[in-house]
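# Tertiary structure, described
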Amino acid sequence: TAKNSGKNQYQVYNEQTGNTELRKMELQKDMQWAIEAGQFYVVYQPKWNVQTNSLVGFEALLRWNHPRLGVVSPGEFIPIAEETGLIVSLTKWTLNEACRQCKKWKSRGCVNPISVNISIRLFQTDTLINFVKDVLEKTVLDPHLLELEITESMVFLDIDDIIRQLHAIRSLGVKVSMDDFGTGYSSIGLLDRIPIDSLKLDRLFTNDLETSSKRAIINAILLMASDLNLDVIAEGVESQEQIESLTQLGCNIMQGYYYSKPMKVEEIDPWIKSRVLE
Ligand code: C2E
Ligand code: MG
Ligand code: MG
Ligand code: MG
């Protein structure tokens, strides 16, 4: 009967909620030791310039190899790390790892910058500038080879304070990029005040280029970016058709599965070789 099935649904729902909660608790608990236990690692996704047909950088993306649950995605564990405050040491670790790797590539003659995602939480503690300085000193990396990706959600915080911190970071020579641009919180009204170097067009736009209204929005974003002297990178590029539409609109830098999924360090050399041979 309807009543029974309703009851069953309720139980299933409850069970699922329970599992989610348990999983979250497990992740929360185990994360305390995961850095020391060496369970985190960084994967790298290339950014490609279509006009020059060349590699222009890598984005560092964090992964957690949990001993029982396997590889956990940052979409799941970053929010938990933000809640517990562990995001601070996690960011320190990731920045260090990414800069160390970039320095290694540099010593082999590769001059592509590395981008690291920075949670907006880091701006609340006002420690980011010191982390960045420390890491650059320790890894002896040219500051111009580091880029920080931040998100629009910062418009909810003390914007003047964030602008001050961003100026300090950029005065080191480090670049700043606005990630997932165009989703949710509109920072458009602040773009002429927030000191950044580039915008990353969110996957939502790249995925829906057939819609003329989406094309009109991308067109407007690109015009505005060009006026403000900002580079634009399209994220989530998966097909040749998307690349054609984006280049027609004047966007030349791409990132997405079409070129490569995020790779472990040892996968990168073979990937570069295969691109050159193409
Ligand atoms: P994001 O910075 O916007 O990174 C892009 C995400 O889209 C990555 O997911 C990437 O694997 C995925 N992606 C790239 N190309 C494609 C594509 O062509 N199609 C599809 N469907 N997806 C694509 P990932 O690695 O799971 O990261 C998710 C989010 O987690 C990131 O979004 C970023 O906000 C956050 N994140 C990742 N690493 C870190 C980190 O070290 N620190 C912080 N604070 N956040 C991080
Ligand atoms: Mg990013
Ligand atoms: Mg993004
Ligand atoms: Mg994204």
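The present account deals with the structure reproduced in this document. (Residues numbered from 1 in each chain as written. Chains lettered and ligands numbered in written order. Predicted model: local features only at pLDDT ≥ 70, side-chain atom pairs only at ≥ 80, totals over all residues. Heavy atoms only, no water.)

## Remarks on the layout of surface pockets
Rules: Whether a set of points on the 1 Å grid over the protein atoms alone is a cavity depends on a 1.4 Å probe fitting there but being unable to get out, while an open set qualifies as a pocket with protein on both sides within 12 Å along at least five of seven lines; lining residues are those with an atom within 4 Å of a point. Grid points are joined across faces, edges and corners, and a volume is the space filled by probe spheres set on the points. Here the term charged refers only to Asp, Glu, Lys and Arg, the term nonpolar to Ala, Val, Leu, Ile, Met, Phe, Trp, Tyr, Cys and Pro, and the term polar to all other amino acids, Gly among them. Secondary structure follows DSSP: runs of H or I at least 4 residues long count as helices, runs of E at least 2 residues long count as strands, and numbering of each begins at the N terminus.
Roughly 1,100 Å³ of internal volume is contained in the largest pocket. Lining the largest pocket are 38 residues, with Glu59, Leu61, Asn117, Asp179 and Asp180 sitting closest to its centre. Across the lining of the largest pocket, the residue classes tally to 14 nonpolar, twelve polar and twelve charged. There is about 240 Å³ of room inside the second largest pocket. If you go around the second largest pocket, you meet 14 residues; those closest to its centre are Val56, Pro113, Glu147, Asp231 and Ile233. Mapped onto the lining of the second largest pocket, the elements with two or more residues apiece are strand 2 (54-66) and strand 8 (231-234).

## With respect to the site of ligand 1
Short version of the rule: Nearness of a residue to a molecule or strand requires only that one of the residue's heavy atoms be within 4 Å of it. Two N or O atoms form a polar contact when they lie within 3.5 Å of each other; inside protein one atom must be a possible hydrogen donor and the other a possible acceptor, and for residues adjacent in sequence the pair counts only when both atoms belong to side chains. All accessible areas in this document rest on Shrake-Rupley with a 1.4 Å probe, and a residue is counted as covered only by the protein chains that are shown. Put plainly, a molecule is in a cavity or pocket when over half of its atoms are within 2 Å of the grid points there.
Residues in contact with ligand 1 amount to 21 residues; listed here are only the nearest, Arg63, Asn117, Asp179, Glu238 and Tyr257. Contacts to ligand 1 include glutamine 45, whose side-chain N or O atom sits 3.0 Å from a nitrogen atom. In the environment of ligand 1, an oxygen atom lies 2.8 Å from a nitrogen or oxygen atom belonging to the backbone of tyrosine 257. Burial of ligand 1 by the surrounding chains reaches 82%, relative to a free accessible area of 800 Å². In this structure the site holding ligand 1 corresponds to the largest pocket. Breaking the shell around ligand 1 down by element, the ones donating at least two residues are strand 2, helix 2 (74-84) and strand 6 (175-181). Split into classes, the residues belonging to the shell around ligand 1 amount to seven nonpolar, six polar and eight charged.

## Brief notes about the coordination of the magnesium ion (ligand 2)
Rules: Water is not part of the atom set, so a site may look incomplete; the donors themselves are N, O and S atoms within 2.8 Å of the metal, or 3.2 Å for Na, K and Ca. Only protein chains enter the accessibility calculation, which uses a 1.4 Å probe; a residue whose area is less than 20% of its type maximum is buried, one above 50% is exposed, and one in between is partly exposed.
Every protein donor of the magnesium ion (ligand 2) is accounted for by Glu59 (OE), Asn117 (OD1), Glu149 (OE) and Asp179 (OD), and the metal-donor separations fall at 2.0 to 2.2 Å. Along the chain, the residues that donate to the magnesium ion (ligand 2) are spaced as E-x57-N-x31-E-x29-D. Between the magnesium ion (ligand 2) and the magnesium ion (ligand 3), both coordinated by aspartate 179, there is a metal-metal distance of 3.7 Å. With asparagine 117 in strand 4 (residues 114-117) and aspartate 179 in strand 6, the pair connects residues that are 62 residues apart, well separated along the chain. In this structure asparagine 117 comes out as partly exposed when scored by relative accessible area, which is 30%. Residue aspartate 179 is classed as buried on the basis of its relative accessible area of 6%.

## A word on the nonpolar core
Defined as follows: For our purposes a nonpolar core is just a set of buried Ala, Val, Leu, Ile, Met, Phe, Trp, Tyr and Cys residues, chained together by side-chain atoms within 4.5 Å. Here, two residues are considered to be in contact whenever any of their heavy atoms come within 4.5 Å of each other.
Counting 76 residues, the largest nonpolar core has Leu146 and Leu199 as its most contacted members. In terms of residues, this core owes the most to one element, helix 3 (residues 87-107), which gives seven residues. The residues touching leucine 199, leaving out its near neighbours within four places in the chain, are Met178, Phe181, Leu191, Ile221, Ala225, Leu230, Asp231, Val232 and Ile233.

## Topic: the state of the cysteines
Using the following cut-off: Only a pair of cysteine sulfur atoms within 2.5 Å counts as a disulfide in this structure description.
Per the stated rule, a full pass over the model turns up zero disulfides. Free of any disulfide, cysteine 102 has its nearest neighbouring cysteine sulfur in cysteine 110, separated by 7.0 Å. We classify cysteine 102 as buried; its relative accessible area is 1%.

## Focus on helix 8 (residues 212-227)
Residues lying three or four places apart along an α-helix face the same way, a consequence of the helix completing one turn every 3.6 residues. Stated precisely, the cut-off is as follows: A helix is expected to reach a length of 1.5 Å times the quantity of its residues less one. As used here, the arc is the angular range of directions from the helix axis to the C-beta atoms.
With 16 residues, helix 8 extends 23 Å from end C-alpha to end C-alpha; this agrees with the ideal 22 Å at 1.5 Å per step. Those residues of helix 8 not exposed but buried are Ile218, Ile221, Leu222 and Ala225. Buried residues in helix 8, looked at end-on, bunch into an arc of 100°, giving them a common side. Turned more than 90 degrees away from the buried face of helix 8 sit Ser212, Leu223 and Asp227, all of them exposed. Where helix 8 is buried, its residues meet strand 6, strand 7 (198-201), helix 7 (203-206), strand 8 and helix 9 (240-249). Looking one or two residues past helix 8, asparagine 229 carries a phi angle of roughly 65°, positive in sign.

## A few points about unusual backbone geometry
Of note in this structure, aspartate 126 is not a glycine but carries a positive phi near 60°. Here aspartate 126 is to be found in the loop between helix 4 (121-124) and helix 5 (128-139). According to the relative accessible area criterion, aspartate 126 is partly exposed, its value standing at 34%. Of note, aspartate 180 is a non-glycine position whose phi angle comes to about 50°, a positive value. Inspection of the secondary structure puts aspartate 180 in strand 6.

## Details of the pairing of strand 2
Let me state the cut-off plainly: Two strands qualify as a pair provided that DSSP identifies no fewer than 2 bridges between them.
In terms of residue burial, strand 2 counts as a mostly covered element, since ten of its 13 residues are buried. Across ten bridges, the pairing between strand 1 (residues 40-49) and strand 2 is antiparallel. Its bridge partner lying in strand 2, asparagine 49 is registered against serine 54. Counted along the chain from strand 1 to the antiparallel partner strand 2, the turn is four residues long, and its residue asparagine 53 has a positive phi close to 50°. Examined bridge by bridge, strand 2 and strand 4 share three bridges and lie parallel to one another. Following the sheet pairing, alanine 60 is matched in strand 4 by valine 116. Note: strand 2 against strand 3 (residues 70-72), three bridges, orientation antiparallel. Its bridge partner being in strand 3, tryptophan 64 is matched across the sheet by valine 72. Counting the residues in the hairpin turn of strand 2 and strand 3 gives three residues.

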